[in-house]
Amino acid sequence: MKIQGYLREYPFLVQVYRLIDSRLQAIKNFVAEKSFVADIGADHGYLAIELAQKKFCKVVATDKNFFPAEAARKNISDAGLENFIEVRQGDGLKVLQVGEVDTICVAGMGGSLIAKILADAPEILNTTARLILQPMNGAEILKNFLTSSGWFVVDEDLAEEGGIIYEIICAEKNFSDKQTKKETSPLLKKFLIQKQKKLLRVLEEMQKSPVAVQTEKFSKLKTELVDLEKKINSHT
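Residues numbered from 1 in each chain as written. Predicted model: local features only at pLDDT ≥ 70, side-chain atom pairs only at ≥ 80, totals over all residues. Heavy atoms only, no water.

Visitor: Explain helix H4 (residues 46–54) to me, and be specific about the residues and the numbers.
Guide: Owing to its 3.6 residues per turn, the α-helix brings residues three or four apart onto one side. Most of H4 is tucked away, with eight of its nine residues classed as buried. Of the residues making up H4, those classed as buried are Tyr46, Leu47, Ala48, Ile49, Glu50, Leu51, Ala52 and Gln53. Note on H4: the residue one or two positions beyond its end, Phe56, has a positive phi of about 60°. (Buried < 20%, exposed > 50% of the residue type's maximum accessible area, 1.4 Å probe, protein only. Helix = DSSP H or I, 4+ residues; strand = E, 2+ residues; numbered from the N terminus.)

This is the structure in structure tokens:
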């Protein structure tokens, strides 16, 4: 069915499309068509609906909290997509069955929490082909976890919403050295400046403590700041 006809049949989706922001669009772009997807922390189910409609995916949408899970069920029912999306209430990957999905999406959480969610279900992780992750912070912590767990970051992208630039990470078990979307993104310089400002604030706070400035963390952050400045200057 053509999308225009589908929207006429399910007018609810007009509202859903308006609620799919650039961050979720960037996540969707990394999902292959006809994938079996787990959307962890699905909230109201907007990404799951988009994946089912635009990418012809089968989706398990999960949320650990009752009300978001119920909201997702209602939205999916209103969209007429119950045969393509199943909502499960539960914690992380623990509600999934081994081999049930080939793609896992986790968005809108801290990098440490995403790493913990993945680490807590190795039997699920080991049968998954692709991870699409959008950390709100702690991206390097998450990348370090992926590397130590045998995953490779094969692509990255940036998305801006509400003046904030978000990182989207795509990881697989096979190495790829292709140029990432992030490296060619028009948002890259703005993203680096955003990181620079955050880092400067942290260093300024640490400089208030004579003890803090003697720590290894302070030295590493100063080195990171120098590297950031070089990257920013190279994009001038």
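Visitor: I'd like to hear about the environment of Glu70, residue by residue, with values.
Guide: Among the structural elements, Glu70 can be located in helix H5 (residues 66–78). Distance from Glu70 to Asp43, taken between C-alpha atoms, is 9.1 Å for residues 27 residues apart in sequence.

Visitor: Can you lay out the sheet that holds strand E6 (residues 152–161) for me, pointing to particular residues and giving the numbers?
Guide: Strands sit in the order E3-E2-E1-E4-E5-E7-E6 across an open sheet of seven strands; the sheet is mixed. Two strands lie at the open edges of the sheet, namely strand E3 (85–89) and E6, each paired on one side alone. Mean inter-strand twist for the sheet, computed between neighbouring axes without regard to direction, equals 15°. Pairing of strand E1 (residues 36–40) with strand E4 (residues 103–109), which is carried by four bridges, proceeds in the parallel orientation. By the bridge assignment, Ala38 is partnered in E4 with Ile104. Running over the sheet, H5 touches strand E2 (58–63) and E3 and is turned about 165° from E3. (Pairing = 2+ DSSP bridges. Axes fitted to C-alpha atoms, helices over the stretch in contact; angles between N-to-C directions. Contact = heavy atoms within 4.5 Å.)

Visitor: An account of the environment of Gln25 is requested, with residue identities and associated values reported.
Guide: Structurally, Gln25 is set in helix H3 (residues 22–29). When the C-alpha positions of Gln25 and Val211 are compared, they lie 44 Å apart, and in sequence the two are 186 residues distant. In terms of polar contacts, Gln25 uses its side chain to reach the side chain of Glu50, at 3.5 Å. (Polar contact = N/O pair within 3.5 Å; in protein donor to acceptor, adjacent residues only side chain to side chain.)

Visitor: I'd like to hear about the nonpolar core, residue by residue, with values.
Guide: Within the largest apolar cluster, 29 residues are counted, with the highest numbers of intra-cluster contacts made by Ile27 and Ile85. For this core, the elements supplying multiple residues, two or more each, are H3, H4, E2, H5, E3, E4, E6 and strand E7 (164–172). Among the elements that make up this core, the one with the highest residue count is H4 (five residues). Ignoring any residue separated from it by four or fewer positions in sequence, one finds Ile85 in contact with Ala48, Ile49, Ala52, Val59, Ala61 and Ile76. Val106, Ile124, Leu133 and Leu142 belong to the second-largest nonpolar core, a separate cluster that totals 24 residues. (Core = buried A, V, L, I, M, F, W, Y, C linked by side-chain atoms within 4.5 Å.)

Visitor: Can you tell me about H3, naming the residues and giving the values?
Guide: Taken together, the buried positions of H3 are Arg23, Leu24, Ala26, Ile27 and Lys28. Buried residues along H3 sit against H4, E4, strand E5 (130–135), E6 and E7.

Visitor: I'd love a proper account of the pairing of E3, names of residues and values included.
Guide: In terms of strand pairing, E2 meets E3 through five bridges, oriented parallel. Across the sheet, Asp63 pairs through a bridge with Gln89, a residue of E3. Each parallel crossover has a hand, and for E2 linked through H5 to E3 it is right-handed. (Right-handed = clockwise from strand over helix to strand, strands pointing away.)

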